[in-house]
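Inside the fold
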Amino acid sequence: MADATDHVEKLQRAAEDLKGAEEKMRQAAEVASGILRGLGLSGVAETVEQVSQRVDRVCKQGCDVADEVCRFLRKQECVLDLVAALKEKFAPPLAAVDALLAELKGRNALDWQGIGAEAYKEHTDVQNGAAEELSKSAIMVADVLLADIKSAQEYSNAMAVAFATAGAGFLAALVNFPPPQTPIGVAAAILALCALIAALFTCAAAYTKRQADIREGLSKLRSPVDGKSKFGKGRWPQRTLYS
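In this text the structure is predicted, and so the values were computed from the model without any measurement. (Residues numbered from 1 in each chain as written. Predicted model: local features only at pLDDT ≥ 70, side-chain atom pairs only at ≥ 80, totals over all residues. Heavy atoms only, no water.)

Here the protein shows a mean pLDDT of 88. Residues at 70 or above account for 94%. The least confident element of the protein is helix α4 (residues 97–101), whose mean pLDDT is 85; the most confident is helix α2 (residues 42–74), at 95. (pLDDT = per-residue confidence, 0-100. Helix = DSSP H or I, 4+ residues; strand = E, 2+ residues; numbered from the N terminus.)

This paragraph deals with the packing of aromatic side chains. For any pair of aromatic rings, geometry is given as the distance between the ring centres together with the angle between the planes. Evaluated as defined, the whole model comprises one aromatic pair. The interplanar angle of 20° and the centroid separation of 4.8 Å between the aromatic rings of Tyr155 and Tyr207 together place this pair among those described as stacked. Taken together, the residues Tyr155 in helix α5 (residues 115–174) and Tyr207 in helix α6 (residues 182–221) connect sequence positions 52 residues apart. We classify Tyr155 as buried; its relative accessible area is 11%. (Phe/Tyr/Trp six-rings, centres within 6.5 Å; stacked < 30°, edge-to-face > 60°. Buried < 20%, exposed > 50% of the residue type's maximum accessible area, 1.4 Å probe, protein only.)

Relative to each other, helix α1 (residues 4–38) and α5 sit at 20°, their axes nearing to 8 Å. One way to sum up the angle between α1 and α5 is to call them roughly parallel. The crossing of α1 and α5 is left-handed. Here Ala4, His7, Lys10, Leu11, Ala14, Ala15, Leu18, Ala21, Lys24, Met25 and Ala28 of α1 lie close against α5, whose contacting residues are Gln153, Ser156, Asn157, Met159, Ala160, Phe163, Ala166, Gly167, Phe170, Leu171, Ala173 and Leu174. (Axes fitted to C-alpha atoms, helices over the stretch in contact; angles between N-to-C directions. Parallel < 35°, antiparallel > 145°, perpendicular 65-115°, else oblique. Left-handed = near helix turned anticlockwise from the far one by under 90°. Contact = heavy atoms within 4.5 Å.)

A few words on the nonpolar core. Of all hydrophobic cores here, the largest spans 40 residues; its most connected members are Leu11, Met25, Met159, Phe163, Phe170, Phe177 and Leu196. Mapped by element, the contributors of at least two residues to this core are α1, α2, α5 and α6. Among all residues touching Leu196, those that are not within four sequence positions of it are Val58, Cys59, Ala162, Phe163, Ala166 and Phe170. (Core = buried A, V, L, I, M, F, W, Y, C linked by side-chain atoms within 4.5 Å.)

Going from Pro179 to Pro180, the amide bond is cis rather than trans, its omega being 10°. Take Pro180: it is sitting in the loop between α5 and α6.

Here is the structure:
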(Lines give C-alpha, C1' and ligand atoms only; values in the text may rest on other atoms or scores of the structure.)
Protein backbone atom coordinates (compact mmCIF):
# COMPACT_ATOMS: atom_id res chain seq x y z
CA MET A 1 0.00 0.00 0.00
CA ALA A 2 1.43 3.34 -1.03
CA ASP A 3 2.35 5.91 1.57
CA ALA A 4 -0.50 8.25 2.53
CA THR A 5 1.68 11.23 1.62
CA ASP A 6 1.81 10.06 -2.01
CA HIS A 7 -1.98 10.06 -2.28
CA VAL A 8 -2.26 13.45 -0.59
CA GLU A 9 0.29 15.03 -2.92
CA LYS A 10 -1.33 13.50 -6.00
CA LEU A 11 -4.79 14.74 -5.06
CA GLN A 12 -3.51 18.19 -4.08
CA ARG A 13 -1.70 18.57 -7.41
CA ALA A 14 -4.84 17.55 -9.28
CA ALA A 15 -6.92 20.03 -7.26
CA GLU A 16 -4.46 22.84 -7.94
CA ASP A 17 -4.47 22.03 -11.65
CA LEU A 18 -8.28 22.06 -11.63
CA LYS A 19 -8.31 25.44 -9.89
CA GLY A 20 -5.85 26.75 -12.48
CA ALA A 21 -8.01 25.54 -15.35
CA GLU A 22 -11.11 27.03 -13.71
CA GLU A 23 -9.37 30.39 -13.27
CA LYS A 24 -8.30 30.45 -16.93
CA MET A 25 -11.86 29.62 -17.94
CA ARG A 26 -13.19 32.44 -15.78
CA GLN A 27 -10.80 34.92 -17.37
CA ALA A 28 -11.62 33.68 -20.88
CA ALA A 29 -15.34 33.90 -20.10
CA GLU A 30 -14.97 37.52 -18.96
CA VAL A 31 -13.14 38.46 -22.16
CA ALA A 32 -15.62 36.60 -24.37
CA SER A 33 -18.57 38.08 -22.49
CA GLY A 34 -17.26 41.60 -23.06
CA ILE A 35 -16.85 40.97 -26.76
CA LEU A 36 -20.31 39.41 -27.06
CA ARG A 37 -22.00 42.28 -25.28
CA GLY A 38 -20.18 44.69 -27.57
CA LEU A 39 -21.68 42.81 -30.50
CA GLY A 40 -25.13 43.08 -28.98
CA LEU A 41 -25.27 39.38 -28.03
CA SER A 42 -26.11 39.90 -24.37
CA GLY A 43 -28.04 36.62 -24.12
CA VAL A 44 -25.06 34.60 -25.31
CA ALA A 45 -22.76 36.59 -23.04
CA GLU A 46 -24.99 35.80 -20.08
CA THR A 47 -24.91 32.09 -20.95
CA VAL A 48 -21.11 32.13 -21.01
CA GLU A 49 -21.05 33.85 -17.62
CA GLN A 50 -23.52 31.39 -16.12
CA VAL A 51 -21.54 28.40 -17.32
CA SER A 52 -18.35 29.92 -15.92
CA GLN A 53 -20.02 30.55 -12.54
CA ARG A 54 -21.36 27.00 -12.44
CA VAL A 55 -17.92 25.62 -13.18
CA ASP A 56 -16.52 27.76 -10.38
CA ARG A 57 -19.06 26.43 -7.84
CA VAL A 58 -18.61 22.78 -8.76
CA CYS A 59 -14.83 23.04 -8.76
CA LYS A 60 -14.89 24.71 -5.35
CA GLN A 61 -17.17 22.04 -3.93
CA GLY A 62 -15.00 19.29 -5.37
CA CYS A 63 -11.84 20.85 -3.95
CA ASP A 64 -13.49 21.21 -0.53
CA VAL A 65 -14.22 17.49 -0.54
CA ALA A 66 -10.65 16.82 -1.65
CA ASP A 67 -9.37 18.80 1.33
CA GLU A 68 -11.42 16.60 3.66
CA VAL A 69 -10.04 13.47 2.02
CA CYS A 70 -6.50 14.77 2.36
CA ARG A 71 -7.01 15.48 6.05
CA PHE A 72 -8.15 11.90 6.56
CA LEU A 73 -5.25 10.50 4.56
CA ARG A 74 -2.74 12.41 6.70
CA LYS A 75 -4.04 10.62 9.77
CA GLN A 76 -3.26 7.23 8.30
CA GLU A 77 0.36 6.95 9.35
CA CYS A 78 -0.39 6.20 13.00
CA VAL A 79 -3.19 3.84 11.96
CA LEU A 80 -0.82 1.92 9.71
CA ASP A 81 1.57 1.59 12.64
CA LEU A 82 -1.28 0.11 14.69
CA VAL A 83 -2.17 -2.30 11.89
CA ALA A 84 1.44 -3.46 11.68
CA ALA A 85 1.59 -3.95 15.46
CA LEU A 86 -1.62 -5.99 15.47
CA LYS A 87 -0.59 -8.22 12.57
CA GLU A 88 3.10 -8.64 13.34
CA LYS A 89 3.48 -8.31 17.12
CA PHE A 90 0.15 -8.88 18.83
CA ALA A 91 -1.66 -11.64 16.92
CA PRO A 92 1.22 -14.07 16.15
CA PRO A 93 2.21 -14.81 19.77
CA LEU A 94 -1.42 -15.45 20.66
CA ALA A 95 -1.83 -17.77 17.69
CA ALA A 96 1.30 -19.65 18.82
CA VAL A 97 -0.19 -20.59 22.22
CA ASP A 98 -1.53 -23.82 20.73
CA ALA A 99 2.01 -24.97 19.97
CA LEU A 100 3.11 -24.10 23.48
CA LEU A 101 0.46 -26.36 24.99
CA ALA A 102 2.14 -29.38 23.46
CA GLU A 103 5.19 -28.65 25.60
CA LEU A 104 3.26 -28.70 28.88
CA LYS A 105 3.98 -31.98 30.64
CA GLY A 106 0.79 -31.65 32.63
CA ARG A 107 -1.22 -32.34 29.46
CA ASN A 108 0.67 -35.54 28.64
CA ALA A 109 -1.24 -38.63 29.71
CA LEU A 110 2.06 -40.43 30.28
CA ASP A 111 3.05 -37.85 32.91
CA TRP A 112 -0.23 -37.22 34.69
CA GLN A 113 -3.64 -38.87 34.78
CA GLY A 114 -6.80 -38.56 36.79
CA ILE A 115 -9.18 -35.80 37.90
CA GLY A 116 -6.39 -33.26 38.36
CA ALA A 117 -5.00 -33.95 34.92
CA GLU A 118 -8.44 -33.55 33.31
CA ALA A 119 -9.03 -30.28 35.19
CA TYR A 120 -5.60 -28.99 34.14
CA LYS A 121 -6.23 -29.93 30.50
CA GLU A 122 -9.66 -28.26 30.53
CA HIS A 123 -8.16 -25.12 32.08
CA THR A 124 -5.38 -24.83 29.51
CA ASP A 125 -7.81 -25.55 26.67
CA VAL A 126 -9.88 -22.55 27.76
CA GLN A 127 -6.79 -20.34 27.85
CA ASN A 128 -5.76 -21.54 24.41
CA GLY A 129 -9.24 -20.89 23.03
CA ALA A 130 -9.21 -17.37 24.43
CA ALA A 131 -5.78 -16.66 22.94
CA GLU A 132 -6.90 -18.00 19.55
CA GLU A 133 -10.10 -15.92 19.63
CA LEU A 134 -8.21 -12.76 20.55
CA SER A 135 -5.65 -13.39 17.81
CA LYS A 136 -8.37 -13.77 15.18
CA SER A 137 -10.17 -10.67 16.44
CA ALA A 138 -6.94 -8.66 16.28
CA ILE A 139 -6.44 -9.70 12.66
CA MET A 140 -10.05 -8.76 11.87
CA VAL A 141 -9.54 -5.32 13.44
CA ALA A 142 -6.37 -4.82 11.40
CA ASP A 143 -8.15 -5.89 8.20
CA VAL A 144 -11.04 -3.48 8.85
CA LEU A 145 -8.59 -0.62 9.43
CA LEU A 146 -6.72 -1.50 6.23
CA ALA A 147 -9.99 -1.64 4.28
CA ASP A 148 -10.91 1.82 5.57
CA ILE A 149 -7.52 3.21 4.57
CA LYS A 150 -7.65 1.58 1.15
CA SER A 151 -11.16 2.95 0.63
CA ALA A 152 -9.98 6.51 1.27
CA GLN A 153 -6.98 6.05 -1.00
CA GLU A 154 -9.13 4.72 -3.84
CA TYR A 155 -11.50 7.67 -3.34
CA SER A 156 -8.52 10.02 -3.50
CA ASN A 157 -7.16 8.44 -6.69
CA ALA A 158 -10.57 8.53 -8.39
CA MET A 159 -11.02 12.20 -7.51
CA ALA A 160 -7.56 13.02 -8.85
CA VAL A 161 -8.45 11.39 -12.19
CA ALA A 162 -11.78 13.22 -12.30
CA PHE A 163 -10.06 16.56 -11.62
CA ALA A 164 -7.42 15.96 -14.29
CA THR A 165 -10.02 14.98 -16.90
CA ALA A 166 -12.23 17.97 -16.09
CA GLY A 167 -9.32 20.39 -16.12
CA ALA A 168 -8.29 19.23 -19.57
CA GLY A 169 -11.89 19.59 -20.77
CA PHE A 170 -12.19 23.13 -19.44
CA LEU A 171 -8.93 24.21 -21.05
CA ALA A 172 -10.08 22.79 -24.37
CA ALA A 173 -13.42 24.58 -24.06
CA LEU A 174 -12.15 28.06 -23.25
CA VAL A 175 -10.20 28.21 -26.51
CA ASN A 176 -13.54 28.40 -28.31
CA PHE A 177 -15.18 31.00 -26.06
CA PRO A 178 -14.48 34.01 -28.31
CA PRO A 179 -17.06 34.49 -31.11
CA PRO A 180 -17.91 33.05 -33.53
CA GLN A 181 -16.93 29.73 -31.89
CA THR A 182 -18.72 30.61 -28.62
CA PRO A 183 -21.50 27.95 -28.91
CA ILE A 184 -18.84 25.28 -29.40
CA GLY A 185 -16.91 26.48 -26.37
CA VAL A 186 -20.04 26.65 -24.20
CA ALA A 187 -21.10 23.16 -25.25
CA ALA A 188 -17.64 21.77 -24.53
CA ALA A 189 -17.56 23.47 -21.12
CA ILE A 190 -20.98 22.06 -20.24
CA LEU A 191 -19.91 18.57 -21.29
CA ALA A 192 -16.75 18.79 -19.17
CA LEU A 193 -18.78 20.12 -16.24
CA CYS A 194 -21.38 17.36 -16.47
CA ALA A 195 -18.62 14.76 -16.71
CA LEU A 196 -17.00 16.19 -13.58
CA ILE A 197 -20.26 16.16 -11.63
CA ALA A 198 -20.98 12.59 -12.72
CA ALA A 199 -17.46 11.47 -11.81
CA LEU A 200 -17.67 13.06 -8.35
CA PHE A 201 -21.01 11.38 -7.71
CA THR A 202 -19.59 8.05 -8.88
CA CYS A 203 -16.55 8.45 -6.61
CA ALA A 204 -18.76 9.28 -3.64
CA ALA A 205 -21.14 6.38 -4.34
CA ALA A 206 -18.26 3.90 -4.60
CA TYR A 207 -16.80 5.22 -1.34
CA THR A 208 -20.18 4.93 0.39
CA LYS A 209 -20.50 1.32 -0.82
CA ARG A 210 -17.04 0.45 0.50
CA GLN A 211 -17.89 2.08 3.84
CA ALA A 212 -21.02 -0.08 4.07
CA ASP A 213 -18.85 -3.17 3.57
CA ILE A 214 -16.50 -1.91 6.28
CA ARG A 215 -19.42 -1.42 8.69
CA GLU A 216 -20.42 -5.01 8.00
CA GLY A 217 -16.92 -6.06 8.95
CA LEU A 218 -17.20 -4.06 12.16
CA SER A 219 -20.47 -5.78 13.02
CA LYS A 220 -18.72 -9.14 12.83
CA LEU A 221 -16.32 -7.97 15.52
CA ARG A 222 -19.24 -7.57 17.91
CA SER A 223 -19.93 -11.31 17.81
CA PRO A 224 -17.58 -14.19 18.70
CA VAL A 225 -15.25 -15.36 15.97
CA ASP A 226 -16.46 -18.97 16.12
CA GLY A 227 -19.92 -18.49 17.57
CA LYS A 228 -19.31 -18.66 21.33
CA SER A 229 -16.87 -16.35 23.02
CA LYS A 230 -14.39 -17.54 25.62
CA PHE A 231 -14.52 -14.11 27.22
CA GLY A 232 -17.29 -14.10 29.77
CA LYS A 233 -18.40 -10.56 30.64
CA GLY A 234 -15.65 -9.20 28.40
CA ARG A 235 -12.84 -10.51 30.58
CA TRP A 236 -10.11 -13.07 30.09
CA PRO A 237 -11.54 -16.48 31.09
CA GLN A 238 -10.70 -17.75 34.56
CA ARG A 239 -11.15 -21.27 35.84
CA THR A 240 -10.72 -22.82 39.23
CA LEU A 241 -8.84 -26.07 38.85
CA TYR A 242 -10.52 -27.65 41.84
CA SER A 243 -13.97 -26.84 43.21
